[in-house]
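Residue-level listing of the chains:
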Amino acid sequence: MTIGWCFDNTYSKLPDPFKEEIGPIPVKNPELIILNKNLSKDLNLDFSNLDNKKISELFSGNTLPEGSSSIAQAYAGHQFGHFTMLGDGRAVLIGEHLSKKKERYDIQFKGSGKTAFSRNGDGRAALGPMLREYIISEAMHSLGIPTTRSLAVVKTGEDVIRETALHGAILTRVALSHIRVGTFQYIAAREKKDELEILLNYVIKRHYPNIEKSKNKALDLLEVVMEKQIDLVVDWMRVGFIHGVMNTDNMSVSGETIDYGPCAFMDAYDPKTVFSSIDHMGRYAYCNQPVITKWNLSRFAECLIPLIDKDQNKSIEQATEIINSFEKKYEEKWLNMMRNKLGLFGIEDKDKFLILDLLTWMHQKKLDYTNTFCHLMNSEIEKNENFKDHDFQNWKKRWQERLKTNNNSPEKYIELMRSVNPMVIPRNYKVEDVLNEANNNNIEPLKRFLEILNNPYSEQKNIKEFQLPSFSKEKYQTFCGT
Ligand code: AMP
Ligand code: MG
């Protein structure tokens with residue numbers, strides 16, 4: 001029995017400036033920590049005939065599968081607003097795998113050693129951050145949010161030096177592609193129109209074949225990517241996800257959540273929530289995520305200007321019109337998402353006020369975002385005196401009046417709410433707990449955690465400790481995943 005790899009590499013065939021041909025740098029003593037069986041199945045890959053040593057050799061990159069053709073991708077990006085040349089500094093794309101349904105997936109090793117784009121970095125990654133990415137990306141997938149996936153994590157048997165010596169590790173990341181807004185920025189900065197056209201056509205063929213025949217492909221690409229990104233950020237807002245480092249190199253043109261560095265989930269509802277230790281200005285705060293999405297899309301639009309119209313002014317005018325439609329589209333999608341969270345069918349003008357009043361109250365009372373919606377679905381996670389509050393009771397009366405106009409049974413609205421309001425999210429302190437255990441060679445708590453996170457919309461027995469927010473008064477801080 002073979003594993004089932006079916007490589008069909010297209011990105012590596014693009015012209016030289018797009019990439020560096022380079023393989024993973026072999027590691028000393030690879031050891032498999034976790035393999036994603038569900039994802040393997042989805043990809044039609046079967047590792048069951050390999051022993052752990054062989055699997056470790058594979059996912060460390062010490063032996064590359066047949067048909068792979070390994071590259072580091074070039075890209076640029078605005079990091080906290082500043083333009084920088086970047087590229088895969090510690091990752092290689094080993095190839096594009098086709099599932100039996102002919103779905104195409106990038107298979108990338110993250111933490112695989114230095115490349116031409118490593119700048120001052122060591123090309124490596126530590127076990128904690130790679131397992132963190134594994135947990136959160138898989139949780140996001142189970143929440144129904146587009147995301148890169150995590151297929152495996154291996155320890156390298158080598159230390160990586162950060163503030164202290166840490167276990168080195170490699171994550172196998174699976175994505176629709178790793179083409180970013182920053183990829184366009186990199187090519188656009190080279191000011192060669194033919195290269196930009198190659199990238200445009202490649203992306204459309206790979207991700208948006210329905211616009212392949214359109215009259216103005218560049219303009220249409222801008223519009224579809226904007227739709228995808230709005231859907232994505234609305235999903236993040238729905239579950240209280242804070243990406244933490246929405247640089248343009250971390251925005252995928254396929255519309256998947258990518259790059260799980262300092263991300264985390266919000267407990268108490270506070271629009272200004274920031275976890276990242278370096279985000280002093282709150283650029284990537286919860287409430288600023290749609291604003292930054294638009295900002296990043298504007299950078300994307302700038303790259304496409306040469307391809308929209310021969311007349312630059314006309315190009316700018318048309319692109320601007322699309323970018324300016326962001327707010328209206330976002331607000332509409334956000335309102336509908338919030339309606340779903342409250343079980344509201346149909347559209348009423350007053351809905352906006354009902355929604356905003358609840359959020360304002362939650363903010364004032366510092367109530368847990370996830371568990372407040374559980375309370376409204378009659379799933380009490382924690383007894384909270386605030387729910388007896390006069391203002392809340394008044395709000396509830398208004399909500400119940402509005403529910404009557406649903407013209408639907410109560411079962412229907414609860415069903416709707418249960419499909420969008422998670423019962424469990426990766427609570428920050430639980431993430432830290434299981435990572436600490438994993439660092440001390442105990443992976444079992446992490447596996448149990450993943451199982452729970454696999455069914456976020458179901459009632460599960462005996463998981464209360466995973467549903468409660470932290471009692472700690474200390475502010476939770478996250479760090480970029482280096
Ligand atoms: P990130 O913050 O993960 O989005 O990474 C930003 C840039 O820094 C990318 O070009 C990464 O490849 C690069 N980078 C991050 N960590 C390392 C590292 N340890 N060695 C080399 N490059 C790195
Ligand atoms: Mg990145």
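Up top is the structure.
So, here's what we can say about the structure. From a predicted model like this one, the values you see are computed outputs, not experimental measurements. (Residues numbered from 1 in each chain as written. Chains lettered and ligands numbered in written order. Predicted model: local features only at pLDDT ≥ 70, side-chain atom pairs only at ≥ 80, totals over all residues. Heavy atoms only, no water.)

Turning next to the environment of P422. Note on placement: P422 falls in the loop between α13 (410-420) and α14 (428-439). The exposure class assigned to P422 is buried, which follows from its relative accessible area of 3%. Sequence separation between P422 and L143 is 279 residues, and the spatial gap between their C-alpha atoms is 7.4 Å. What P422 contacts, discounting residues up to four positions off in sequence, is L143, V239, T370, C374, P456 and Y457. (Helix = DSSP H or I, 4+ residues; strand = E, 2+ residues; numbered from the N terminus. Buried < 20%, exposed > 50% of the residue type's maximum accessible area, 1.4 Å probe, protein only. Contact = heavy atoms within 4.5 Å.)

The next point concerns empty space enclosed by the protein. Scanning all chains against the criterion turns up 3 cavities of 30 Å³ or more. Its volume calculated, the largest cavity comes out at about 90 Å³. Considering the residues around the largest cavity, the lining is formed by 14 residues, among which Q229, W236, M246, N250 and M251 are closest to the centre. Of all the secondary-structure elements, those providing two or more residues to the lining of the largest cavity are α6 (217-239) and α7 (289-308). Ranked by residue count, the leading element in the lining of the largest cavity is α6, at 4 residues. Its residues assigned to classes, the lining of the largest cavity comprises 6 nonpolar, 7 polar and 1 charged. (1 Å grid on protein atoms, 1.4 Å probe; cavity = no way out; pocket = protein on both sides within 12 Å on 5 of 7 lines; lining within 4 Å. Points joined across faces, edges and corners; volume = space filled by probe spheres on them. Nonpolar A, V, L, I, M, F, W, Y, C, P; charged D, E, K, R; others polar.)

Next up on the list: the site of ligand 1. With respect to spatial proximity, 18 residues lie near ligand 1, and among them G87, G89, R119, D122 and G123 are the closest. G89 places a polar main-chain atom, nitrogen or oxygen, 2.7 Å from an oxygen atom of ligand 1. For ligand 1, whose unbound accessible area comes to 490 Å², protein coverage reaches 88%. Class assignment of the residues belonging to the shell around ligand 1 gives a composition of 2 nonpolar, 8 polar and 8 charged. Mapping the shell around ligand 1 onto the domain boundaries places at least three of its residues in each of domain 1 (11-178) and domain 2 (182-334). (Near = heavy atom within 4 Å. Polar contact = N/O pair within 3.5 Å; in protein donor to acceptor, adjacent residues only side chain to side chain. Areas by Shrake-Rupley, 256 points an atom, 1.4 Å probe, with all protein chains shown as cover. Domains from an automatic or database assignment.)

We now examine the coordination of the magnesium ion (ligand 2). Those donors, N250 (OD1) and D259 (OD), are the protein atoms that reach the magnesium ion (ligand 2), and they lie 1.9 to 2.2 Å from it. Grouping residues by exposure puts N250 and D259 together as buried. (Donors = N, O, S within 2.8 Å, 3.2 Å for Na, K, Ca; no water.)

Now for the side chain of S252. Note that S252 resides in the loop between β11 (241-242) and β12 (264-265). With a relative accessible area of 1%, S252 lands in the buried category. With near-sequence residues (within four places) excluded, S252 lies in contact with S177, I179, R180, Q229 and I258.

Taking 1.5 Å per residue, 15 residues should reach 21 Å; helix α12 (residues 390-404) reaches 22 Å between its end C-alpha atoms and fits that length. For α12, the full list of buried residues reads F392, W395, K396, W399, R402 and L403. The arc that holds the buried residues of α12, viewed along the axis, is 120 degrees, so those residues lie on one side. In this structure, α12 carries H390, K397 and K404 as exposed residues pointing more than 90 degrees from its buried face. Against the buried residues of α12 lie α10 (351-365), α11 (369-376) and α13. Measuring from the side-chain oxygen of the N-cap residue of α12 to the backbone nitrogen of D391 gives 2.8 Å; that N-cap residue is D389. (Expected span 1.5 Å × (residues − 1). Arc of directions from axis to C-beta.)

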